[in-house]
Amino acid sequence: ADEVPVAALEQAVRGAAGAILENVTLFDVYRGEQVPQGQKSVAYSLSLRAPDRTLTDEECDGAMQKAIQALETEFHAVLRG
């Protein structure tokens with residue numbers, strides 16, 4: 001919903017993605033005809049890194065899925081396709 005602060009969304013992403021999450025950057029907030037009234041579309045860029053190894057696709061995909069799941073559970077967010 002439009003009243004959910006983006007900082008709360010970011011905090012949920014940080015908590016869910018785990019230790020390999022290096023940085024979260026908000027790069028777009030959109031309200032308009034393609035988004036239902038009373039809602040907003042937000043887009044984040046996530047940087048994932050491990051200091052001691054190259055991350056696998058599975059590790060990255062898992063962190064992303066946990067972040068998405070947290071947003072869906074905590075805020076009833078919907079992933080736009």
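Residues numbered from 1 in each chain as written. Predicted model: local features only at pLDDT ≥ 70, side-chain atom pairs only at ≥ 80, totals over all residues. Heavy atoms only, no water.

K.L.:
Describe the overall build of the protein chain, with residues and values.
P.N.:
Scanning the protein chain from terminus to terminus reveals 2 helices and 2 strands. Along the first, second and third principal axes, the C-alpha set of the protein chain runs to 45 × 20 × 20 Å. Of all 81 residues assigned to the protein chain, the portion counted as buried reaches 23%. In the protein chain, 55% of the contacts between residues at least 6 apart in sequence involve partners at least 24 apart. Counting every atom, the protein chain has about 5,800 Å² of accessible surface; 49% of that belongs to carbon and sulfur. (Helix = DSSP H or I, 4+ residues; strand = E, 2+ residues; numbered from the N terminus. Buried < 20%, exposed > 50% of the residue type's maximum accessible area, 1.4 Å probe, protein only. Contact = heavy atoms within 4.5 Å. Areas by Shrake-Rupley, 256 points an atom, 1.4 Å probe, with all protein chains shown as cover.)

K.L.:
Help me get a handle on the pattern of salt bridges, residues and values and all.
P.N.:
Counted under the stated rule, the structure contains 4 salt bridges. As a salt-bridge pair, Arg14 and Glu10 come within 3.2 Å of each other at their nearest N and O atoms. Of the two residues, Arg14 and Glu10 both sit in helix α1 (residues 6-17), 4 residues apart, roughly one turn of that helix. Relative accessible area serves as the criterion here: at 37%, Arg14 is assigned to the partly exposed category. Through salt bridges with shared partners, a single network forms among Asp52, Arg53 and Glu59. (Salt bridge = Lys/Arg side-chain N within 4 Å of Asp/Glu carboxyl O.)

K.L.:
Would you mind going over unusual backbone geometry in detail, with residue names and values included?
P.N.:
Unlike most non-glycine residues, His76 shows phi in positive territory, near 55°. The topology assignment puts His76 in the segment after α2 (57-75). Taking the relative accessible area as the measure of exposure, His76 reaches 68% and is therefore exposed.

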